[in-house]
Amino acid sequence: MSGTQKPRYLHRRAIVPAKTLLLGGHMKKDGTTLPDLDNVQGDVYFMFPKRWQRFMFFKISNVTQFQKDLDTYRPKITSSSQTVKDLNEIHEKGGADLDIVSSGIAFTKAGLKTMGIEHQLGDPHFDQGSLYNEKKELGDQRQYDSVFDGDGNNHGVILLTAGKQDTCKTKMDEIQSIFKGSINVVTTYEGRVRPGNGEHFGWRDGQRIVNPGVTIMGYPGDPVHNNNAIARPGFTKDGSFMVFRKLEQNVLFLEDYVNKNWLSIPAEPTKDVTLTEAQRKKLFAARMVGRFKSGVPLALSPYIEDTAYLDPEKINNFDYTEPQGRCPFSAHVRKTAPRNLQPVVGTEYLDASMIVRAGIPYGDEISSQEREEWKTYTDDQKENAVCPRGLLFVCYQSSIDNGFYRQTTGFANNDFFPLMGLVPQKTGQDPILGGPKPVTGTSGTTDIFQEGEVTLDLINNHNEKYEVAGIAKKVVESATSLEQKFFVTSRGGDYYFVPSISTVKSWGAAAQSK
């Protein structure tokens, strides 16, 4: 790859790597050191190219033997530099007939502790233990899969990707055989890229550029970099934190919701635009996500999908300075990747919240039989259906607190985000990312005649007093008032440390010297 050309393959990806890193540079023009791509695991920043993927979750049964086996496995770990080469090969040859195999490994807090690594890694969420312990804060209200349903239920995960399903299974079996005397496999998940490269809801990602240090530890952008108050151990450099979640998607319930409510989109949203019924339905769905299924952002194409904006030079050319009418504040992409909230929220704060998403769909396509059975369900059965498909969500960041946790609890599940002024306004929660936190509610009557600041004094059934302060806003009922629904159920997940390749080597070498 010559000059500053970017592989065509990257045009379809959610994260566009920093150009200097992509071209193999080790230092920015300002003298800032960049991560060592030979040392960073390949999925962390550039994301493994894949059509199939397996996640093998394990518990360590024999620590000494595990560390020896880790040394045997280490050469199979794919570096970022190799991933860049793989992307270039796809650029040159096309990916249809390539069967590229990539692999990586990550550990939970319980896994590190089992290996005798007791260090705090400088992130409050990883350091406290499993994601399970923060289930309530994340708004996860349903049953977790057993691998995640408790603190310390798994010690780590090995990831493997390939171009073909048989290759993916065979290569993972080979890796499992390396560790046959040192781990117990808790479970394995398999994902695959769907036709059109979207997830089961049908949407394709937009694009963002992420500072390497926001993803990779030990560089500017990592909040702990040069912060002696919460310094990390040296072995964390060139590592990352990974968050895994199994997100079950209720696709048919979403389709029903769109079919029930699309009439709320006017046929003439402006004097210059007239929409067909099909366009109104498509626009209603797009307003929940913030873009059309093709990936075209509403901020650029607010009423009728204009695929000209899929051009890599255009798709990211917006900052939400347009009025809310273009892209609702509660839309998924505006919630999780907000822009231009100055002066209320600074750019640095938003940039630090970025993550690299590297998930993959799981489960079969919806069959005609499933659609027929769906018609017999009650409304309650539809809303609470257990669905055999969804997203194996993976994200990387140098700080879970700044990245995944902030995006989930501070952005997506926050009725009052994004902030557009000094007085918070309720805009609703993200219906796509996951379920909301339970909110205490009550009803009653009082004498109130105008909007503005209000304080309520309440007494519960145990005669305990509570004070509620906030802003009163008059509710105007209309035919288009919609009850917000949620279409994703979290079946659990965990927090992981993704060590650098040199760190894995040192752990294996230590065992070999015993």
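Here's a quick rundown of the structure. (Residues numbered from 1 in each chain as written. Predicted model: local features only at pLDDT ≥ 70, side-chain atom pairs only at ≥ 80, totals over all residues. Heavy atoms only, no water.)

## Observations concerning a nonpolar patch on the surface
The grouping of L456, L458, Y466 and V468 at the surface amounts to a nonpolar patch, some 340 Å² of accessible area in total. Mapped by element, the contributors of at least two residues to the nonpolar patch are β11 (452-459) and β12 (465-472). In this fold, L458 is placed in strand β11. The class for L458 is partly exposed, based on a relative accessible area of 32%. (Patch = residues over 30% accessible without salt bridge, like charges linked within 9 Å, V, L, I, M, F, W, Y side chains within 5 Å. Areas by Shrake-Rupley, 256 points an atom, 1.4 Å probe, with all protein chains shown as cover. Salt bridge = Lys/Arg side-chain N within 4 Å of Asp/Glu carboxyl O. Helix = DSSP H or I, 4+ residues; strand = E, 2+ residues; numbered from the N terminus. Buried < 20%, exposed > 50% of the residue type's maximum accessible area, 1.4 Å probe, protein only.)

## Re empty space enclosed by the protein
For the structure on display, the rule yields 1 cavity of 30 Å³ or more. The space that makes up the largest cavity amounts to roughly 50 Å³. In this structure, the largest cavity is lined by Q41, D43, V44, F48, G104, I105, A106, L159, M242, Y396 and V498. It is strand β3 (residues 102-107) that contributes the most residues to the lining of the largest cavity, 3 residues altogether. The residue inventory of the lining of the largest cavity, partitioned by class, reads 8 nonpolar, 2 polar and 1 charged. (1 Å grid on protein atoms, 1.4 Å probe; cavity = no way out; pocket = protein on both sides within 12 Å on 5 of 7 lines; lining within 4 Å. Points joined across faces, edges and corners; volume = space filled by probe spheres on them. Nonpolar A, V, L, I, M, F, W, Y, C, P; charged D, E, K, R; others polar.)

## Here we look at the packing of helix α9 (residues 251-261) against helix α10 (residues 277-289)
Running from N to C, α9 and α10 cross one another at 125 degrees; their axes reach a closest spacing of 9 Å. The orientation of α9 relative to α10 falls into the category oblique. The two elements α9 and α10 meet at a crossing, and its hand is right-handed. When α9 is examined against α10, the residues L254, Y257, V258, N259 and N261 are found in contact with a partner set consisting of K281, F284, A285 and M288. Residue composition of the contact of α9 with α10, grouped by class: 6 nonpolar, 2 polar and 1 charged. (Axes fitted to C-alpha atoms, helices over the stretch in contact; angles between N-to-C directions. Parallel < 35°, antiparallel > 145°, perpendicular 65-115°, else oblique. Left-handed = near helix turned anticlockwise from the far one by under 90°. Contact = heavy atoms within 4.5 Å.)

## Examining the pattern of salt bridges
Per the stated rule, a full pass over the model turns up 17 salt bridges. Among the salt bridges present, the one from R371 reaches E255, with a minimum N-O distance of 2.8 Å. Of this pair, R371 sits in helix α13 (residues 368-374) while E255 sits in helix α9, and the two are 116 residues apart along the sequence. Residue class for R371 comes out partly exposed when judged on its relative accessible area of 35%. The shortest N-O distance in the salt bridge between K282 and E305 comes to 3.2 Å. Within this pair, whereas K282 is found in helix α10, its partner E305 is found in the loop between α10 and α11 (332-336), the two being separated by 23 residues in sequence. Three or more residues joined by partner-sharing salt bridges are found here, namely R192, R194 and E365.

## Considering the pairing of strand β4 (residues 156-162)
The buried count for β4 comes to 7 of 7 residues, which makes it a mostly enclosed element. Neither face of β4 is left uncovered, since the one carrying G156, I158, L160 and A162 and the one carrying V157, L159 and T161 both have all their residues buried. Direction of pairing for strand β2 (residues 52-60) relative to β4: antiparallel, over a ladder of 7 bridges. Of the residues in β4, the one forming a bridge with M56 is I158. (Pairing = 2+ DSSP bridges.)

## A few points about unusual backbone geometry
A negative phi angle is the norm for most residues apart from glycine, just as the trans form is the norm for most peptide bonds. At M47, a position not held by glycine, the phi torsion is positive, near 70 degrees. Structurally, the position occupied by M47 is in the loop between α1 (19-22) and β2. Assessed through its relative accessible area of 7%, M47 is described here as buried. Backbone geometry places D238, a non-glycine residue, at a positive phi of 70 degrees. Along the chain, the position of D238 falls in the loop between α8 (212-215) and β7 (240-249).

## Notes on the environment of G493
Of note, G493 is situated in strand β13 (residues 488-498). Looking at G493, the relative accessible area reads 1%, which means it is buried. Between the alpha carbons of G493 and Y132 there is a distance of 7.4 Å; along the sequence they are 361 residues apart. In contact with G493, not counting residues within four places along its chain, are L131, F148, F244 and R245.

## Notes on the packing of aromatic side chains
What the rule picks out here adds up to 26 aromatic pairs. Ring centres of W374 and Y377 lie 5.6 Å apart, and the angle between their planes is 55 degrees; on these two criteria the pair is classed as tilted. Residue classification places W374 among the buried residues on the basis of a relative accessible area of 7%. Here the aromatic cluster, defined as three or more aromatic residues joined through ring pairs, consists of F58, F66, Y73, F107, F126, F179, F235, F241, F497 and W507. (Phe/Tyr/Trp six-rings, centres within 6.5 Å; stacked < 30°, edge-to-face > 60°.)

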